[in-house]
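Report on the structure
For reference, the chains in residue letters:
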Amino acid sequence: MIPCEKLVYLPFQPTTDGLVCDGVSVHTIAAQVGTPLYIYSAAAIREAYRSIDTAFAAYPHAIHYALKANSTLAIVRLLRAMGSRADANSGGEVEVSFRAGFAASDIVFTGVGKTHDEHQFAISRGVGTINAESAGELDRIAAIARALGREARVALRVNPDIDAKSHPNISTGLKSNKFGVPLQEARQIYRDRLNLQGIRFVGVHIHIGSQITTTEPLRRAAAALVSLALELRDDGVPLEHVDLGGGLGIAYEGRPMITPAEYAAAVLPELRRAGIPVVLEPGRAIVGHAGAVIATVVDRKQYPDGRRFAVLDAGMTELMRPALYGSFHRIVPVLPRAGGRISLDVVGPICESSDVFARERDLTPLEVGDHVALLDTGAYGAVMASNYNRRLLAPEVLVDDGRWEIIRRRQTLDDVLALES
Ligand SMILES: Cc1ncc(COP(=O)(O)O)c(C=O)c1O
């Protein structure tokens, strides 16, 4: 493994004038837009997309960006312009894919609990592939498609019982997880439904988890999927693709991380055994490093035992990952103060004890009014935001080629209350 900063484009960098995003002053943006806010780098997104595309260049592949990581329209459009296709995880994400300009055939629709209405919508619009999570779902898709006079293109998600060695809350490929069908049952499920009217099998699907930081689980997943694909081919299933899902991790702590090239090197020998085109569904690896939450320190306090707190105007409502998985994010001052480093608990303003971004983190001194950036929050950040405590969704800004624009305005209380009687 190679240190991540040598291979990954990291857009947020300290300078003598403070933190910049692709050369644009973060302080200037925060002063004009207000905090909390998200800032993203278009260059970082493009670069991350390209690095995956390049790593798989020698093999027929399609990158379906996983909208669940970040589905803000401008970002989805940017990726479409790069040549990406879409992986949608709900009816809402399918609709966003359409509004971002994707053709139906460019969309794979995944998700463990799709409703009748979501299926009906996806089938009637002719979505490229529906990744079914159970035999029952395949049968329901077939029935809905027949009723609509359509044929749905489907794949079955298999659960290989492989430990992704990620956080338990984002591991999906163990038999204790709710996702997919047991690998050993898959062949029979395909066989039993090969001639079922209403569906056409076009692929097989696997996704063993997210933030995977070693290649071996990914290689094993690819091996399992390809072995199944070969069996299915023997059974006469006309597979157009094998879908490896997403999962490639990023270096939140700046430590060495597997690169797209290492990922490709691990899975390509397996894929070549079948020679079937591969679908990839990366999310985090494309947008994770590209985003930061910018917050303002709104309070400082110190307990008699010496514990010191910096309270931010951003909390788990803007960035839920630390409260949800205890995840680590680097925290950097936007305009650093002089002085030795001190140990700080950096917390949010929400009435929950889990609303903590960092405990006993060594930071340069922070005072009320200072801005800080929580880095590597482009994935699973803004998409998980909530209105808890009647807080308003933060605005999002995209920096592109030295300019910046607001790609989602700050929500107002009127926006929220418009839904209520
Ligand atoms: C089915 C599926 N595909 C793709 C992804 C994207 O994963 P990641 O962001 O780790 O690449 C996920 C996320 O968990 C997923 O559930």
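So, here is what we can say about the structure in this document.

Reading the values: the criteria
Residues numbered from 1 in each chain as written. Predicted model: local features only at pLDDT ≥ 70, side-chain atom pairs only at ≥ 80, totals over all residues. Heavy atoms only, no water. Helix = DSSP H or I, 4+ residues; strand = E, 2+ residues; numbered from the N terminus. Expected span 1.5 Å × (residues − 1). Buried < 20%, exposed > 50% of the residue type's maximum accessible area, 1.4 Å probe, protein only. Polar contact = N/O pair within 3.5 Å; in protein donor to acceptor, adjacent residues only side chain to side chain. Pairing = 2+ DSSP bridges. Right-handed = clockwise from strand over helix to strand, strands pointing away. 1 Å grid on protein atoms, 1.4 Å probe; cavity = no way out; pocket = protein on both sides within 12 Å on 5 of 7 lines; lining within 4 Å. Points joined across faces, edges and corners; volume = space filled by probe spheres on them. Nonpolar A, V, L, I, M, F, W, Y, C, P; charged D, E, K, R; others polar.

This part takes up helix H3 (residues 42-55). Along its 14 residues, H3 runs 20 Å from first to last C-alpha, staying within 8% of the 20 Å computed at 1.5 Å per residue. Taken residue by residue, H3 has Ala42, Ala44, Ile45, Ala48, Tyr49, Ile52 and Ala55 as its buried positions. Capping of H3 at its N-terminal end is provided by Ser41; its side-chain oxygen lies 3.3 Å from the backbone amide nitrogen of Ala43.

It is worth spelling out the pairing of strand E11 (residues 199-205) at this point. E11 sits mainly inside the fold: six of its seven residues count as buried. Here strand E9 (residues 152-159) pairs with E11 via six bridges, running parallel. Considered in E11, the bridge of Ala152 is made with Ile199. Of the pairings in the sheet, the one linking E11 to strand E12 (residues 241-243) comprises three bridges and is parallel in character. By the bridge assignment for E12, Val204 is matched with Val242. Tracing the backbone out of E11, into helix H9 (residues 215-234) and back to the parallel element E12 gives a crossover that is right-handed.

A few words on empty space enclosed by the protein. Here the structure, examined in full by the defined rule, presents two cavities of 30 Å³ or more. In this structure, the largest cavity is lined by Ile52, Gly245, Gly246, Gly247, Leu248, Tyr263, Leu280, Glu281 and Pro282. Partitioned by chemical class, the residues of the lining of the largest cavity number five nonpolar, three polar and one charged. Taken as a whole, the second largest cavity holds about 40 Å³ of empty space. Lining the second largest cavity are Ile206, His207, Ile208, Leu218, Ala221, Leu244, Gly246 and Tyr263. In terms of residue class, the lining of the second largest cavity is made up of six nonpolar, two polar and no charged.

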